[in-house]
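What follows is the residue order along each chain.
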Amino acid sequence: RGPKWGSRTASQVWGLPAYDWDACRRDGYAWWMRRLSHMSQYFHAYRIDCVLNFLRTWEVPVGSPTGWFGCFEPVIGFTVAELESRGIWDIHRLTYHNLHEGLCGTTFSPAEWDWLLQHLLEPKGGGFFRFRTDVCPTECALAAVLDSAQLPPMEDLQQFRGRVFECYRDVLFQ
């Protein structure tokens, strides 16, 4: 239902479907108009608690065990040209799971980094790598790969998994 905030260890997953805002827009928001009209029979004022959900929603892929790999889906979307016109130029870096080779030695040991390069990452140039979409297109797929793989010897497998997931979710848009 929402992104990880503060000290929560994982986001909430309520299993509610996202609104189809394009369909709402096409029919002039008829469903919303009917809903609010009906509610006016009972109330003189409305309180919309999650008004931000009218601008962007937190969507979690179906089957995700946590909300970690959800992402904000803009209700009022922007085209690449609109983003660029507003000075946002590095769209690829903001929308894909990119890792820089500088993480080797700071986030991952050399053995861990080598394993990631062999099994999960593909080069994107300039020292950047991206998670292979054919291997781990979703959180569940990445978890399955990490659960079933022969991993290099390491002190704490759970910490390694946590660092991999941190890198995987380090995007603004998906």
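Residues numbered from 1 in each chain as written. Predicted model: local features only at pLDDT ≥ 70, side-chain atom pairs only at ≥ 80, totals over all residues. Heavy atoms only, no water.

Draft legend 1. Highlighting the pattern of salt bridges. Counted according to the given criterion, the structure contains five salt bridges. The salt bridge involving aspartate 22 is made with arginine 25; its shortest N-O contact spans 2.9 Å. Residue aspartate 22 and its partner arginine 25 are both found in helix 1 (residues 21–26); the two are separated by three residues, about one turn of the helix. For aspartate 22, a relative accessible area of 45% translates into the label partly exposed. (Salt bridge = Lys/Arg side-chain N within 4 Å of Asp/Glu carboxyl O. Helix = DSSP H or I, 4+ residues; strand = E, 2+ residues; numbered from the N terminus. Buried < 20%, exposed > 50% of the residue type's maximum accessible area, 1.4 Å probe, protein only.)

Draft legend 2. Local environment of the pairing of strand 5 (residues 128–131). Strand direction decides the pairing type here: strand 3 (residues 98–100) and strand 5, joined by three bridges, are antiparallel. Residue pairing in the sheet places asparagine 98 in a bridge with arginine 130 of strand 5. As defined by bridge partners, strand 4 (residues 121–125) adjoins strand 5 across four bridges and the pair is classed as antiparallel. Across the sheet, the residue bridging to leucine 121 is phenylalanine 131, located in strand 5. Counting the residues that bridge the hairpin from strand 4 to strand 5 gives two residues, and of these glycine 126 lies at a positive phi of roughly 65°. (Pairing = 2+ DSSP bridges.)

Draft legend 3. Spatial organisation of the sheet that holds strand 4. If you trace the three strands from one edge of the open sheet to the other, you get 3-5-4, paired in antiparallel fashion. Pairing within the sheet leaves two strands with one partner each, and these edge strands are strand 3 and strand 4. Averaged over all pairs of adjacent strands, the angle between strand axes in this sheet comes to 40°, irrespective of strand direction. (Axes fitted to C-alpha atoms, helices over the stretch in contact; angles between N-to-C directions.)

Draft legend 4. Spatial organisation of the side chain of arginine 161. With respect to the element layout, arginine 161 can be found in helix 7 (residues 157–168). Once residues lying within four places of it in the same chain are set aside, the contact partners of arginine 161 are Ala143, Leu146 and Asp147. (Contact = heavy atoms within 4.5 Å.)

Draft legend 5. View of the packing of aromatic side chains. Scanning all chains against the criterion turns up six aromatic pairs. Considering the side-chain rings of phenylalanine 108 and phenylalanine 160, the 6.0 Å spacing of their centres and the 75° angle between planes classify their relative orientation as edge-to-face. Of the two residues, phenylalanine 108 sits in the loop between strand 3 and helix 5 (110–119) while phenylalanine 160 sits in helix 7, which places them 52 residues apart along the sequence. Both rings, one in tryptophan 115 and one in phenylalanine 160, keep their centres 6.1 Å apart while their planes meet at 80°; by these two values the pair is edge-to-face. Here phenylalanine 160 lies in helix 7 and tryptophan 115 lies in helix 5, a separation of 45 residues in the sequence. The pair formed by tryptophan 115 and phenylalanine 160 is uniform in burial state, with each residue classed as buried. Aromatic rings pair up to connect Phe108, Trp113, Trp115, Phe129 and Phe160 into one cluster. (Phe/Tyr/Trp six-rings, centres within 6.5 Å; stacked < 30°, edge-to-face > 60°.)

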